[in-house]
Amino acid sequence: MKFNNLTLFLSRVFYIILLGSQYIFVFILSGCSSGWNIHNPYEQVDWEDHRQYKANFHTHTTRSDGKFSPQAVVDKYHKLGYKILTITDHNEVTFPWTDFAAMEPSDRAKERLENGVLEQKSLTYENRDPEALGMVAIQGNEVSTPHHVNSFFTDYEKRTDQEQIALESIESRGGVVVINHPGRYTGENPKKYNTNWYADILTRFDNIAGIEIYNQVDRYPTDRQLWDSVLVELMPGRPVWGFSNDDFHGDLNKLGVGWNVFILPELTEESVRTGMEEGRFFYVHAAEGHNGAKPPQIESVNVNRKKGIIEIKSIGQDSIRWISGDQVIQRGNSIQLTKNTEIFDYVRAEIFGPGTITGTQPFGIHNP
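On a predicted model such as this, the values are computed, not experimentally measured, just so you know. (Residues numbered from 1 in each chain as written. Predicted model: local features only at pLDDT ≥ 70, side-chain atom pairs only at ≥ 80, totals over all residues. Heavy atoms only, no water.)

A look at the pattern of salt bridges
Stage number 1. According to the stated counting rule, one finds 17 salt bridges in the structure shown.
Stage number 2. Where D75 meets R128, a salt bridge forms, and the shortest distance between an N and an O atom there is 2.9 Å. With a gap of 53 residues between them, D75 in helix α2 (residues 70-79) and R128 in the loop between α3 (107-114) and α4 (130-133) connect regions that are remote in the sequence.
Stage number 3. Since its relative accessible area comes to 29%, D75 is described here as partly exposed.
Stage number 4. Given a relative accessible area of 18%, R128 falls into the buried group.
Stage number 5. Linked by salt bridges that have partners in common, D228, R321, R348 and E350 make up one network. (Salt bridge = Lys/Arg side-chain N within 4 Å of Asp/Glu carboxyl O. Helix = DSSP H or I, 4+ residues; strand = E, 2+ residues; numbered from the N terminus. Buried < 20%, exposed > 50% of the residue type's maximum accessible area, 1.4 Å probe, protein only.)

Spelled out as structure tokens, the structure:
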């Protein structure tokens, strides 16, 4: 996933004008010879052969401020059928899982043990083998800059008082970033953390895959409003993927209430990284967790660029709505772009089930 200012410009429309003695020829290079230019994040998905895998990229243990040991957290997610998991302790890389036994609990966890808040078993660590569990363990941690971010595929774990420093360090190590729970910061300091701030860092750091739009059930409902406002500014040239994560610290009511469904050719770290970077996943919001209704399942996404139609095939849904610019612009299993004159340069879909939502990543759009 590589984006820069030139890419942002070229992705919209590039005109070559040849001036002749009698004619002006205009060639539109939009990624297809005719019809709509639609960037489909699921373009490379083989809906017949690829499989869907449940993923969580934000959770904590007693290596920082969590309640449970690393192996207990892994076991809980494994029991719920998760295949992809990142432990994101604050400024601590709790990785690899096969080295849990050699790791130390945080000072905060030790203090909580002395105060009777934690049990000794929460500070006694045992190794786990992700391969034996049929899981992929992703290296990561939550970097406590003024605005928290999750760092993946790198051992960077320093606390810093400047987001710029952390993002540059993660980028230099080849890491991938997800911006955590932005609603906390837009609420606390809206003068700094506004649409322009997020659009700026997303433009400057192309290794930022996206932002959390659901965190701890739905702790900050404005997260999705921010997402849409950023998409209005940056699409279609700079996609920003939406993530749904538990941010689990120990409250079992907040375990397995938000996850991501990756559609991959194989369950490997490389495939997961590609999926994160290219948006080959859906997000799921399930307020009642795994005790509630099963969320809708997307079976395929089909794009007809010539006719300007995006169609979703899914099961278990009550309704489907299409969103652009934080507004519902159409309902139903498909959208015909020619019927939406006020559409922005992207559209995304939300599929509703009983108490649940399954959402797509944004489709970049240019009307030729």
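That shown, we press on.
Side note on the nonpolar core
Stage number 1. Counting 42 residues, the largest nonpolar core has W97 and V301 as the members making the most contacts within it.
Stage number 2. Here the element with the most residues in this core is α2; it accounts for four residues.
Stage number 3. In this structure, W97 is in contact with V74, L85, I87, N127, R128, P130, L133, M135 and A137, ignoring residues within four places of it in sequence.
Stage number 4. Core analysis: the next-biggest nonpolar cluster, separate from the first, contains 30 residues, Y156, I170, I201 and W227 among them. (Core = buried A, V, L, I, M, F, W, Y, C linked by side-chain atoms within 4.5 Å. Contact = heavy atoms within 4.5 Å.)

Structural notes on the pairing of strand β19 (residues 346-353)
Stage number 1. Of all the eight residues making up β19, seven are buried; the element is thus mostly covered by neighbouring parts of the structure.
Stage number 2. As paired strands, strand β16 (residues 319-324) and β19 are joined by five bridges and run antiparallel to one another. Looking at the pairing, S319 lines up with F352 of β19.
Stage number 3. Relative to strand β21 (residues 363-366), β19 is paired through two bridges, and the arrangement is antiparallel. Looking at β21, one finds that Y346 is bridged to G364.
Stage number 4. As defined by bridge partners, β19 adjoins strand β20 (residues 356-359) across four bridges and the pair is classed as antiparallel. By the bridge assignment for β20, E350 is matched with G359.
Stage number 5. In this structure, the hairpin formed by β19 and β20 is closed by a connection of two residues, where G355 is found at a positive phi of approximately 70°. (Pairing = 2+ DSSP bridges.)

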